[in-house]
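The residues making up each chain are set out below.
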Amino acid sequence: MYHLLVLLLLMLCSSGLQAEGEQTSTESVRLVGGESRCTGTLEVKHRGEWRPVDVSAWTLKTAATACRELDCGSAVSVEERKESSVRSMWWIKSDCVQFGSALRECASSLSSDYTSSILFLTCSDSVRLVNGTSLCSGRLEVKTNQSTQYWSSVCEDDFDQQDAEVVCRELGCGPPSVLQWALYGELGHAMWTKEFQCGGHESALLDCRSSDSDRNTCSPGKAVGLTCSEPVRLVGGKRRCAGTLEVKHHREWRPVDHYFWPQKEAVAACRELDCGSAVSVEERVSSYRSAWWIRSNCVQFGSALRECATSLSSSSILDLTCLGTNDLLAPTLSSTAQTGIVSISAPTVFFTLGNYSNRESSTDPF
């Protein structure tokens, strides 16, 4: 009987270890070599092998999928890193990601399996905006516990304009333009139980001072909904709504490549700039420099310009003129007791820019 009990215990232990091993093996995405678990070189496990991901054609829109799989916050930046030696890579099919598949399900070997250009991804590890129309808008959630990966909504009584400035900066977005309670849905699983006391200069929300809140519940309709302005600007023009189009990504302002700009991209740019309708798009030739190429299919899916940017070198820079009703400065936050803070939307007018050849493949969803 004793030997039978020992045998049963051994079988149970073996079964438990096997189950644990199976659970561990389900991990298929990771970031390595970064300062936190939500930043580093992106690696995917496919066919039993961990490989870094090729950086080609990656945008913030695609990167947001990886951040969600990692249970991190919003995608903040996508960088290209050069290694001293080449190694095998996975290429992630962006059209596969668009339909909601996991990264490893969208991985395939490159035609040339070896490259030295890898993807370095930064996600926010403690704040995120959910249910928004872009990576710069949504209901604010804060990670309450780094070990359990548990996210909580924030009540409007514990959050103000200076707190909003810090969140927008942390996410790589422009200054806050809309702060309106319940704009992006009601409270999630839990409520943050501290009141933020940011000075507005901090680089991360959890760097701010905080105090225990005297609330353990939040009234319906009081969850913080935040919209940050998109980091887009026109420079060198005679007025605010005309000039060279520049987009900020990974703390760097770059001009936008002129090649293939249909009406949807021009209209989207003027809308993000709060400059009304688009009037003209012109090419300006300069010396070769780093620029952003805005992927047209990504914009057509309703994404912001920054989310659709891919790095390249170009001598063909885009000058844009929008028909702004006035040249007001960027909107500032003001509050009302009932409706929160509301931005003013400029009208949108569609127009035709002419015939251009499309350099994107029909399978590129972003």
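Everything numeric here is computed off the predicted structure, so don't read it as measured data.

> Please clarify how the overall build of the protein should be interpreted in this entry.
Each helix and strand counted, the protein has 6 helices and 17 strands in total. Burial status across the protein gives 49% buried among its 366 residues. Sequence separation of 24 or more characterises 73% of the internal contacts of the protein that already satisfy a separation of 6 or more.

> Honestly, the environment of Leu103 in this entry has me stumped. Any pointers?
Considering the arrangement of structural elements, one finds Leu103 in the loop between helix H3 (94-98) and strand S5 (107-123). Judged by its relative accessible area of 0%, Leu103 is buried. Separated by 38 residues in the primary sequence, Leu103 and Thr65 have C-alpha atoms spaced 7.8 Å apart. Residue contacts for Leu103: discarding those within four places in its chain leaves Val29, Leu42, Val44, Trp58, Thr65, Ala66, Glu69, Ile92 and Val97.

> Where do I start with the packing of aromatic side chains in this structure?
For any pair of aromatic rings, geometry is given as the distance between the ring centres together with the angle between the planes. Under the definition given, this model contains 2 aromatic pairs. With 6.5 Å between their ring centres and 90 degrees between their planes, Phe159 and Phe196 make a pair best called edge-to-face. With Phe159 in the loop between strand S8 (150-153) and helix H4 (161-170) and Phe196 in strand S10 (residues 194-197), the pair connects residues that are 37 residues apart, well separated along the chain. Judged on exposure class, the residue Phe159 and its partner Phe196 are both buried. Taken together through their ring pairs, the aromatic side chains of Phe159, Trp192 and Phe196 make up a single cluster. For Arg51, the ring lying beneath its charged end belongs to Trp90, and the centroid distance is 4.0 Å. Directly above the aromatic system of Trp292 lies the positively charged group of Arg254, at a separation of 4.1 Å from the ring centroid.

> Would you mind going over unusual backbone geometry with me for this structure?
Negative phi is the rule for most residues except glycine; trans is the rule for most peptide bonds. In the Ramachandran plot, Asn131 falls in the positive-phi region, its phi being about 65 degrees despite a non-glycine side chain. Along the polypeptide, Asn131 turns up in strand S6 (residues 127-131). Note on Asn131: relative accessible area 57%, which makes it exposed. A positive phi angle, near 55 degrees, is found at Asp274, a position not held by glycine. With respect to the secondary-structure elements, Asp274 resides in the loop between helix H5 (263-272) and strand S16 (277-294).

> Would you mind showing me how to read the state of the cysteines here?
Think of a disulfide as a covalent bridge from one cysteine sulfur atom to another cysteine sulfur atom. Counted by the stated rule, this structure contains 9 disulfides. The disulfide bridge from Cys136 ends at Cys173, spanning 2.1 Å between sulfur atoms. Its torsion about the S-S bond being -95 degrees, the disulfide of Cys136 and Cys173 is classed as left-handed. Of the two residues, Cys136 is situated in the loop between S6 and strand S7 (137-145) and Cys173 in the loop between H4 and strand S9 (176-179); the sequence distance between them amounts to 37 residues. The side chain of Cys270 participates in a disulfide bridge whose partner is Cys322; the two sulfur atoms lie 2.0 Å from each other.

> Would you take a moment to explain helix H2 (residues 60-69) for this structure?
One turn of an α-helix holds 3.6 residues; hence residues three or four places apart share an orientation. Burial runs high along H2: 7 of the 10 residues are buried. Turning to H2, its buried residues are Leu60, Thr62, Ala63, Ala64, Thr65, Ala66 and Cys67.

> What is the right way to look at the side chain of His46 in this model?
Summarising the element assignment, His46 is placed in strand S2 (residues 39-46). Here Arg104 takes part through its backbone oxygen, which lies 3.3 Å from a polar atom of the side chain of His46. For His46, the contacting residues outside a window of four places in its chain are Trp90, Arg104 and Ala107.

> Would you mind showing me how to read the layout of surface pockets here?
Sizing a probe to match a water molecule and rolling it over the atoms shows the empty space that remains. Size it by volume and the second largest pocket reaches roughly 480 Å³. What lines the second largest pocket is a set of 23 residues, among which Ala64, Arg68, Leu129, Ser134 and Leu135 lie closest to the centre. Taken together, the elements giving at least two residues each to the lining of the second largest pocket come down to H2, H3 and S6. Residues that form the lining of the second largest pocket fall into these classes: 9 nonpolar, 10 polar and 4 charged.

> It is not clear to me how the nonpolar core should be interpreted in this structure. Could you clarify?
In globular proteins that are soluble, nonpolar side chains generally tend to be buried together. Membership of the largest hydrophobic core comes to 28 residues, with the highest contact counts inside it found for Leu42, Trp58, Ile92, Leu103 and Leu121. Within the residue set of this core, elements represented by two or more residues are strand S1 (29-33), S2, H2, strand S4 (75-92), H3 and S5. In terms of residue count, H2 provides more of this core than any other element does, 5 residues in total. Contacts of Ile92, omitting those with residues within four sequence positions, involve Val44, Val53, Trp58, Val97, Leu103, Cys106 and Ala107.

Scoring rules and cut-offs
Residues numbered from 1 in each chain as written. Predicted model: local features only at pLDDT ≥ 70, side-chain atom pairs only at ≥ 80, totals over all residues. Heavy atoms only, no water. Helix = DSSP H or I, 4+ residues; strand = E, 2+ residues; numbered from the N terminus. Buried < 20%, exposed > 50% of the residue type's maximum accessible area, 1.4 Å probe, protein only. Contact = heavy atoms within 4.5 Å. Phe/Tyr/Trp six-rings, centres within 6.5 Å; stacked < 30°, edge-to-face > 60°. Lys NZ or Arg CZ within 6 Å of the ring centre and 35° of its normal. Disulfide = S-S within 2.5 Å. Polar contact = N/O pair within 3.5 Å; in protein donor to acceptor, adjacent residues only side chain to side chain. 1 Å grid on protein atoms, 1.4 Å probe; cavity = no way out; pocket = protein on both sides within 12 Å on 5 of 7 lines; lining within 4 Å. Points joined across faces, edges and corners; volume = space filled by probe spheres on them. Nonpolar A, V, L, I, M, F, W, Y, C, P; charged D, E, K, R; others polar. Core = buried A, V, L, I, M, F, W, Y, C linked by side-chain atoms within 4.5 Å.

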